[in-house]
Amino acid sequence: SCWYTMANTPDERKKAEDPPEDSQCDSGFGIDSFRSINQEDHQNIKRTSQESSSDNKKDRDKLDNVTEDRLDSSYGSSSLTVESLKDMFQDCNISEQEETENTEATEYNEQEITFLTTISEDGDTILHLAIIHEEREFAEQLISLFPKDVLDIQNDLYQTPLHLATYLNLTSVVQALVHKQASLELQDQDGNTPLHVACEQGRVDCINEMTRGLSVRQLGCVLEIQNWRGLTCLHLATLRRNHRLVKLLLKKCANINTQEGTSGKTPLHLAVELHDPSLVTLLLNQGANVDAAMYNGCTSLHLAVGRQDATIANLLCQSGADKMLRNMEDETALDLADGNDDILALFPFDDIQISGRSVVGMKF
């Protein structure tokens, strides 16, 4: 069987492995509907960076195979035990959902408990699976029923239900999860929070739902989280060249000069590397520090000149970029011009020399 349950005794486990055909939650969505899920159907629901650049053509790709070992020390705990999961449901009641004014709640029976505490071999709870199958109404019923601890359970890929709902753009499910205070800070196996996923996928509506009502401090904390590649949400939006999303994140107080964790690039550095003048202009107009330096001392002007991009180099110079700043290799931007006349024209008086050395390149 591809299912296992949190059962105390062999008899309970046998009963869980072979549930009666009519076993179902009050929504009418039966266990058998989920037993059809196989290994391929609910693997990691995400796209690689290569897929992300193809205009959402593979929005629903759920076939990424993951072979890396889990690093439990890097994540929140996703382990489930018999007692921990069942204890979460001790104070919960399941409603018959009858359309009467005096609806009375009844306690779970044994089959309902087995159903609600069943998880797949990939660590998916019934809520994960409802979202994967895009059963919005059923997922929302489960969300209203479950305590917060269950909503934040991570599967074997460390995805919470909020990660999956965001990927699949199930805005109403995202709204329901956020309303029940599902965590925005839990990170999946790639270090992505649900907001990272939203930025990679361009889910503006999901971002609005997740950030609505947060204080500036709370927003700042979430938006500064880096994934395992060192990227914040604003870095991802920049790399996707999503101008609308960049503006939205800045409006929500994202730090425009935030440095990614591997080399210290700001969004402006990334826009220069993308050779995207309009994105560079957007960031400069929004107040990006034109002279912000990477860990190796390179400014955006160093990058533009080094890539022989005269157009962007000119934009940076017009915004007041300091042409005399040196990187850790003791190079100014001019030192990287490599004889490019269009770029050399941006550096006035470069032909003035003292003792055979250019004034622009000299130290004083």
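Quick notes on the rules
- Residues numbered from 1 in each chain as written.
- Predicted model: local features only at pLDDT ≥ 70, side-chain atom pairs only at ≥ 80, totals over all residues.
- Heavy atoms only, no water.
- UniProt positions renumbered as here; feature names shortened; annotations may be inferred.
- Helix = DSSP H or I, 4+ residues; strand = E, 2+ residues; numbered from the N terminus.
- Buried < 20%, exposed > 50% of the residue type's maximum accessible area, 1.4 Å probe, protein only.
- Contact = heavy atoms within 4.5 Å.
- Disulfide = S-S within 2.5 Å.
- Axes fitted to C-alpha atoms, helices over the stretch in contact; angles between N-to-C directions.
- Parallel < 35°, antiparallel > 145°, perpendicular 65-115°, else oblique.
- Left-handed = near helix turned anticlockwise from the far one by under 90°.
- Nonpolar A, V, L, I, M, F, W, Y, C, P; charged D, E, K, R; others polar.
- Phe/Tyr/Trp six-rings, centres within 6.5 Å; stacked < 30°, edge-to-face > 60°.
- Lys NZ or Arg CZ within 6 Å of the ring centre and 35° of its normal.
- Core = buried A, V, L, I, M, F, W, Y, C linked by side-chain atoms within 4.5 Å.

Participant: Help me out: how do you make sense of the UniProt feature "repeat: ANK" (unreviewed entry) in the chain in this one?
Facilitator: UniProt annotation of "repeat: ANK" (unreviewed entry) refers to residues 157–189, 229–261, 263–295 and 296–328 when read in the numbering used here. Span residues 263–295 is 48% helix and 0% strand, its end C-alpha atoms 6 Å apart. Across residues 296–328, the secondary structure splits into 48% helix and 0% strand, with the terminal C-alpha atoms separated by 5 Å.

Participant: What is the right way to look at helix H10 (residues 171–179) in this model?
Facilitator: One full turn of an α-helix is made of 3.6 residues, so residues set three or four places apart face in the same direction. Within the span of H10, buried status applies to Val173, Val174, Ala176, Leu177 and Val178. Residues of H10 that are buried sit in contact with helix H6 (126–132), helix H7 (136–145), helix H8 (148–151), helix H9 (161–167) and helix H12 (204–211). One or two steps after H10, the chain reaches Gln181, where phi turns positive at roughly 65 degrees.

Participant: I'm lost on unusual backbone geometry in this one. Help?
Facilitator: In most cases, non-glycine residues show a negative phi, while peptide bonds are predominantly trans. Although it is not a glycine, Gln181 sits at a positive phi angle of roughly 65 degrees. Structurally, the position occupied by Gln181 is in the loop between H10 and helix H11 (194–201). Positive phi, close to 55 degrees, is recorded for Asp338, a residue that is not glycine. Relative to the helices and strands, Asp338 resides in the loop between helix H19 (310–318) and helix H20 (341–344).

Participant: Would you mind showing me how to read the state of the cysteines here?
Facilitator: What makes a disulfide is a covalent bond joining the sulfur atoms belonging to two cysteines. In total, this model carries zero disulfides according to the counting rule given. Free cysteine: Cys199, not disulfide-bonded; nearest cysteine sulfur from Cys233 at 4.0 Å. On the basis of relative accessibility, which here comes to 1%, the residue Cys199 falls in the buried class.

Participant: Just checking my understanding: could you explain the packing of helix H15 (residues 243–251) against helix H17 (residues 277–285) for this structure?
Facilitator: A pair of packed helices is characterised by two quantities: the angle between their axes and the separation of those axes. Put simply, H15 and H17 touch, their axes get as near as 11 Å, and they point 15 degrees apart. The angle between H15 and H17 places the two elements in the roughly parallel class. H15 and H17 meet at a crossing whose hand is right-handed. On H17, the residues touching His243, Val246 and Lys247 of H15 are Ser278, Leu279, Leu282 and Leu283. For the contact of H15 with H17, a count of residues per class yields four nonpolar, two polar and one charged.

Participant: How do you make sense of the packing of aromatic side chains when you look at a structure like this?
Facilitator: Two aromatic rings, taken as a pair, are described by how far apart their centres are and by the angle between their planes. One pass over the full model with this rule turns up zero aromatic pairs. Of note, Lys323 hangs over the ring of Phe347, and the distance from its end group to the ring centre comes to 5.7 Å.

Participant: What is the right way to read the nonpolar core from this model?
Facilitator: Side chains of a nonpolar character, in soluble globular proteins, are inclined to be buried together. By size, the foremost hydrophobic cluster in this structure holds 80 residues, and its most contacted members are Leu127, Ile131, Phe146, Leu177, Met210, Leu249 and Leu316. The element that contributes the greatest number of residues to this core is H6, accounting for six residues. Excluding anything up to four places from it in sequence, Leu127 contacts Ala139, Leu142, Ile143, Phe146, Leu151, Pro161 and Leu177.

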